[in-house]
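Spelled out, the chains give:
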Amino acid sequence: MHKTAPVDRSDLLWILAAVVLTLLPLLPRLTLEVSVIASLPLLWQGWRLHSASPAPTPNRLVLLLMAIVAVAATVARYGTAFGRTPGLALLAMLLGLKMLETRTRRDAHITIQLCFFVQLGYFLIEQSVVTALSAFAACILALTALLRVEQPDLSLKPAISSSARMVGIALPLAALLFVLFPRIDSPLWSMPSDGASATTGMSDRMRPGTIADLSLSGEIAFRVEFSGPIPPPAERYFRGPVMSQFDGMEWQARPAIRAASQPQGNRRIDYVITLEPNQNRWLFALEHATPREGQTLDAANVLLASAAVRTRIRAALTSFTDARIGLDISPAHLATNLELPAGSNPRVAAFGAQLRQDNPAPADRVAAALSFLRKGDFVYTLSPPRLGRNAADDFLFETRQGFCEHFANAFTVLMRSAGVPARVVAGYQGGEVNPIDGTLVVRQSDAHAWTEVWLAEQGWVRVDPTAAAAPRRIDGGLTASLPASDPIPGLVRIESQWLRTLRNRAEAMSHAWNTWILGYNAQRQRDLFAGLGFDADWRNLTIGLVASGALWQAAVWVGMFRSRRRQTPAERAWQLLLRKLGQRGIEPSISEGPIAFAARAGTIHPEWHEALADFAARYARLTYGPTAPAAEAEALRLDINAWLTRTF
């Protein structure tokens, strides 16, 4: 058929289904206006194909105006038409418009090729196993639509079977390319951020309410794989930003002035953290981490990556949880951790002065303050009353209701008022062990804030005031410590055992995908080939890729040849006859049997009618009837060959 031949209604339905399935995983990740503009042409085309008297296709001027609207919407929303997310948004809208104007086979080919391009674009936004499965299903349907365009009479089952077979042949080659193609030292898929999507995560600023807002998310912050036993919940403090600068309302991290000395201790914990993108450098290590290659410690003993974490990374970490840090701190630096704005929180200042007077030893002042929290009937909640400018005063002596940052803020102000150097640490505490793969899953809802105080001969010591007032938060996690009425994320508060098991299996599968597929980098490739006794240099990889690709291609050819060799003599003769007739433009439809086809061909060429009818009847009897002697099949083959020689 010619490229300008029209596409019939049934084929358009197949193409529309392929476009819808292609856009379905993408539209929820785009803005509402983009999704609406991309969906309207598809709804219009669907209504046209379903209606008994369809409206005409919009003319080119209308389609041009709609394309201009799509470009304008992209620029208005994203500020540009270029980049990862803007480009995919524009492509989604234009794909819908192209579906609306599809009339001919050429249009159909372009539309289906755009589907393949959009399916590839999925992976520029997200690389999860669900994304891969969505792309696979959409690819199968797009191939099926392409087959339908080329063979309109092809029924559903053979079309899907042929598409799946083509993808099945291609998958081993894709796997060989994945394993053997020389890797670069970066994730499999990595695109610069275009600024169109925000990433939730920890901040280096804290005021009452910031950690509580973060805890409303059930998204995974990171996963941890321990080489030994998993530490108990009370020891799972993953340090992030350390904030020592206070203006009376907000805590802020000070700029790093020097690198800290490496912690030394006897209790060593080795683990691997898989960190989700957060646009920051913090690696959220257990106390107290020592840097490895590509990692540094800042002045506050926070472990940092070499660059901001803009893609999912895996990092091997080591912590000495019994180490002492800050013993070599200078008096001037120590004094900065006693600073308070003049006149702020006067009631806490008076209470701190009283603690200092009653307890000469700094450690006793810390103990007295914790005792005050334990006996003060404080309530741990995500929905505390609003606090005024003197938040520590209001919390300790008025509302007594708050989240971890309320406790950390008030306690740190109190310690400084009592003459004990103190600072706020933000990070994550707790986590949940996934029984499927044994990893520790730490979510944004595990975000936490605590205090570090400096004591002579001990250095910086972690003190968690939340644990004094709400110990269940440390041992049982967020759900065990908050009232049932608090808005805990659904992924965190799952009471049904089968739903929890389903979530754990899905997250374990996602972690395996991230580790072995997305995390297959140059080092993993080198380790794989080292285990096989080879060096993973480009020469060996190229030889292996070419050789294995050739072997697979040969296997495919052998399979096709053997399939052909299994045909009977009658089948081979009949197929030869069909090919010769096809050269004259006479082809059987998918639903046409040999006898019906021979009768139709005989009406086109009456001089062939008698011979074709005889061949078709004998072929049908040999193929579909009782088992016949081999001599009959051989006789049919000879007769067809002789006739073809005379006729063609």
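For the structure itself, consult the block above.
These lines cover the structure that appears in this document, whether it is placed above or below. (Residues numbered from 1 in each chain as written. Predicted model: local features only at pLDDT ≥ 70, side-chain atom pairs only at ≥ 80, totals over all residues. Heavy atoms only, no water.)

## Looking at the pairing of strand S14 (residues 422-429)
Looking down a regular strand, the side chains alternate between one sheet face and the other.
Logical step 1: The buried fraction of S14 amounts to eight of the eight residues, a majority that puts the element mostly inside the structure.
Logical step 2: The two faces of S14 match: Ala422, Val424, Ala426 and Tyr428 on one face and Arg423, Val425, Gly427 and Gln429 on the other face are all buried.
Logical step 3: Bridge count for strand S3 (residues 237-243) against S14 is five bridges, and the pairing is antiparallel. Its bridge partner lying in S14, Arg239 is registered against Gly427.
Logical step 4: Taken together, the seven bridges between S14 and strand S17 (residues 447-455) define a ladder with antiparallel strand orientation. Bridged to Ala426 within S17 is Ala449. (Buried < 20%, exposed > 50% of the residue type's maximum accessible area, 1.4 Å probe, protein only. Helix = DSSP H or I, 4+ residues; strand = E, 2+ residues; numbered from the N terminus. Pairing = 2+ DSSP bridges.)

## Things to note about helix H18 (residues 522-531)
Logical step 1: Residues of H18 that are buried: Ala522, Gln525 and Phe529. In a view along the axis of H18, the buried residues occupy a sector of 60°, so they form one face of it. In this structure, H18 carries Ala530 and Gly531 as exposed residues pointing more than 90 degrees from its buried face.
Logical step 2: In the segment just after H18, Gly533 is the residue with positive phi, at about 90°. (Arc of directions from axis to C-beta.)

## Quick word on the sheet that holds strand S4 (residues 245-246)
Logical step 1: One open sheet accounts for three strands, arranged S1-S5-S4; its pairing is antiparallel. Looking at which strands have only one partner, the edges of the open sheet turn out to be strand S1 (205-206) and S4.
Logical step 2: Sheet topology note: the S1/strand S5 (residues 251-252) ladder contains two bridges and is antiparallel. Looking at the pairing, Arg205 lines up with Gln252 of S5.

## Quick word on the sheet that holds strand S2 (residues 220-226)
Logical step 1: Within the open sheet, the six strands sit side by side as S8-S11-S6-S2-S16-S15. Their pairing is antiparallel. Where the open sheet ends on each side, the last strands, each with one partner, are strand S8 (289-290) and strand S15 (432-433).
Logical step 2: Both S2 and strand S6 (residues 268-275) contribute to a ladder of five bridges, which runs antiparallel. Along S6, the bridge assignment pairs Arg223 with Thr274.
Logical step 3: On top of the sheet, helix H17 (residues 497-518) reaches S2, S6, strand S11 (313-320), S15 and strand S16 (440-443); it is set at about 75° to S2, its chief contact. (Contact = heavy atoms within 4.5 Å. Axes fitted to C-alpha atoms, helices over the stretch in contact; angles between N-to-C directions.)

## Points about the pattern of salt bridges
Logical step 1: Tallying each qualifying case throughout the model produces 24 salt bridges.
Logical step 2: The closest approach of N and O atoms between Glu287 and Arg462, which form a salt bridge, is 2.9 Å. In this pair, Glu287 is assigned in the loop between strand S7 (285-286) and S8 and Arg462 in strand S18 (residues 459-463), connecting sequence segments 175 residues apart.
Logical step 3: Accessibility expressed as a relative area gives 31% for Arg462, which makes it partly exposed.
Logical step 4: Across the pair Arg600 and Glu592 runs a salt bridge, and its minimum N-O distance is 2.9 Å. (Salt bridge = Lys/Arg side-chain N within 4 Å of Asp/Glu carboxyl O.)

## Comments concerning the packing of aromatic side chains
Logical step 1: By the definition in use, this model includes 22 aromatic pairs.
Logical step 2: Judged by centre distance (5.6 Å) and plane angle (50°), the rings of Trp608 and Phe648 are tilted. Residue Trp608 is located in the loop between helix H21 (594-604) and helix H22 (609-624), and its partner Phe648 is located in the segment after helix H23 (630-647); the two are separated by 40 residues in the primary sequence.
Logical step 3: Here Trp608 falls in the buried class, since its relative accessible area comes to 6%.
Logical step 4: A ring pair is formed by Phe615 and Trp643, whose centres lie 5.9 Å apart and whose planes are at 75°; its orientation type is edge-to-face. In this pair, Phe615 sits in helix H22 while Trp643 sits in helix H23, placing the two residues 28 residues apart along the sequence. Of the two residues examined, Phe615 and Trp643, each falls in the buried class.
Logical step 5: Counting every residue linked through ring pairs, the aromatic cluster contains Phe351, Phe372, Phe378, Tyr380, Phe395, Phe397, Phe403 and Phe407.
Logical step 6: Against the face of Trp460 rests Arg423, its NZ or CZ located 3.9 Å from the ring centre.
Logical step 7: Just above the ring of Tyr237 sits the side chain of Arg462; from NZ or CZ to the centre is 3.9 Å. (Phe/Tyr/Trp six-rings, centres within 6.5 Å; stacked < 30°, edge-to-face > 60°. Lys NZ or Arg CZ within 6 Å of the ring centre and 35° of its normal.)

## Looking at helix H1 (residues 9-23)
Logical step 1: Taking 1.5 Å per residue as the helical rise, H1 with its 15 residues ought to reach 21 Å, and the 21 Å between its terminal C-alpha atoms agrees with that figure.
Logical step 2: Taken together, the buried positions of H1 are occupied by Asp11, Leu12, Trp14, Ile15, Leu16, Ala18, Val19, Thr22 and Leu23. (Expected span 1.5 Å × (residues − 1).)

## As for a nonpolar patch on the surface
Logical step 1: Residues Leu32, Val36, Leu40 and Leu43 make up a contiguous nonpolar surface patch of roughly 420 Å² in combined accessible area.
Logical step 2: Relative to the elements of secondary structure, Val36 occurs in helix H2 (residues 32-50).
Logical step 3: Note on Val36: relative accessible area 39%, which makes it partly exposed. (Patch = residues over 30% accessible without salt bridge, like charges linked within 9 Å, V, L, I, M, F, W, Y side chains within 5 Å. Areas by Shrake-Rupley, 256 points an atom, 1.4 Å probe, with all protein chains shown as cover.)

## Overview of the environment of Ala598
Logical step 1: Its location among the elements puts Ala598 in helix H21.
Logical step 2: Between the alpha carbons of Ala598 and Ala617 there is a distance of 9.0 Å; along the sequence they are 19 residues apart.
Logical step 3: Each residue touching Ala598, except ones within four places of it in the same chain, is listed here: Leu612, Ala613 and Ala616.

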